[in-house]
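# An overview of the molecular structure
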Amino acid sequence: FKMQRKKNRVIIALAAIIGLMAVGYALLSQELTINGTANIDSNWDVKITDITSGQFEGGASNSLDEGEEEILPSVSGDGLTATFNVDLTQPGDQGTYIITVTNNGSIPAQLMNVPDVTTVNGEEPTQVQFAVSVLGEKMVLQPTETAQIAVVAAWPDDSEDIPEGEVSKTATITLNYQQVTAEDAGD
């Protein structure tokens, strides 16, 4: 009988322990739910904000329309393409335009390449040659920064083909800016 009682106490003790473990498990195994929202607050706003006619040498000037008004450089609606109309009168003439590009966004931007003017330089009149350069080699624009790009239209001094009167040419320059990635920033 004592043995039976001892066995019953052990069974009751084991049942109590199992009961406590079940209660402990129930308390510790509650479902955990985490809700969250991630917001990205950034904007892309890189564009040409100004074009100024820089230095004109010799007989260089902005082209004139039929009403004898200057055709000033213009910027496209997307703000990344500029058009220039220049008149040159003789070899050695040169006109320089300064484009200001501003990053008004919150994402760093990189000019992917200096615009290629090979095609426009091959078009008539070939006496007028355009060149594009980034002043200060500023290819990356952080938010709120600006960069300046020079566009030069020139009639080289060594030109042998000299037509009568003014020589006029139009060029359109497109600036290809892209987002600076973490990979680009490490370079």
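Figured I'd write up the structure that's included with this text. Model, not experiment: these values are computed from the prediction.

Further remarks concern unusual backbone geometry. The omega torsion across E124 and P125 is -10 degrees, close enough to zero to call that bond cis. One non-glycine residue, E68, lies in the positive phi region at around 65 degrees. Examined against the element boundaries, E68 turns out to sit in the loop between β2 (61-62) and β3 (74-75). Positive phi outside glycine occurs at E137, with the angle close to 50 degrees.

What follows concerns a nonpolar patch on the surface. Taken together, the side chains of V10, L14, I17 and M21 make up a nonpolar region of the molecular surface, amounting to roughly 400 Å² of accessible area. In this fold, M21 is placed in helix α1 (residues 2-28).

The next point concerns the pairing of strand β10 (residues 167-174). Only one face of β10 is covered, namely the face carrying V167, K169, A171 and I173; the face carrying S168, T170, T172 and T174 is uncovered. For strand β4 (residues 81-88) and β10, the ladder comprises 8 bridges, and the chain directions are antiparallel. Each residue of the ladder has a partner; that of T81, found in β10, is T174.

Following the sequence through the fold, P163 ends up in the loop between β9 (146-154) and β10. The partly exposed category is assigned to P163, whose relative accessible area is 32%. A sequence separation of 35 residues divides P163 from V128, and the C-alpha atoms of the two residues are 12 Å apart.

Let's shift gears to the environment of I48. Looking at where I48 falls in the secondary structure, it is placed in strand β1 (residues 46-57). Spatially, the C-alpha atoms of I48 and A82 are 8.1 Å apart, while their sequence positions differ by 34 residues. Excluding residues within four positions of it along the chain, I48 makes contact with V75, G79, L80, T81, A82, I99, T100, V101 and L175.

If you walk across this open sheet you meet the 4 strands as β1-β5-β9-β7, and the pairing is antiparallel. With one partner strand each, in any of the chains shown, β1 and β7 (129-134) form the two edges of the open sheet. Going across the sheet, the axis of each strand differs from the next one's by a mean of 20 degrees, ignoring polarity. Bridge analysis of β7 against β9 gives 6 bridges, and the strand direction is antiparallel.

So, on to the side chain of N85. Mapped onto the elements, N85 comes out in strand β4. For N85, a relative accessible area of 12% corresponds to the buried category. In terms of polar contacts, N85 uses its side chain to reach the side chain of T170, at 2.5 Å. Not counting residues up to four positions away in its chain, the partners in contact with N85 are S61, N62, S63, I71, Y97, K169 and T170.

Our next topic: the nonpolar core. Counting residues in hydrophobic clusters, the biggest one holds 31 residues, and the most contacted among them are F84, I99, V101, F130, I149, L175 and Y177. Listed by contribution, the elements that provide at least two residues to this core are β1, β4, β5 (94-103), β6 (109-111), β7, β9 and β10.

About the criteria used
- Residues numbered from 1 in each chain as written.
- Predicted model: local features only at pLDDT ≥ 70, side-chain atom pairs only at ≥ 80, totals over all residues.
- Heavy atoms only, no water.
- Helix = DSSP H or I, 4+ residues; strand = E, 2+ residues; numbered from the N terminus.
- Patch = residues over 30% accessible without salt bridge, like charges linked within 9 Å, V, L, I, M, F, W, Y side chains within 5 Å.
- Areas by Shrake-Rupley, 256 points an atom, 1.4 Å probe, with all protein chains shown as cover.
- Salt bridge = Lys/Arg side-chain N within 4 Å of Asp/Glu carboxyl O.
- Buried < 20%, exposed > 50% of the residue type's maximum accessible area, 1.4 Å probe, protein only.
- Pairing = 2+ DSSP bridges.
- Contact = heavy atoms within 4.5 Å.
- Axes fitted to C-alpha atoms, helices over the stretch in contact; angles between N-to-C directions.
- Polar contact = N/O pair within 3.5 Å; in protein donor to acceptor, adjacent residues only side chain to side chain.
- Core = buried A, V, L, I, M, F, W, Y, C linked by side-chain atoms within 4.5 Å.

Read these as spatial facts, not as claims about activity.
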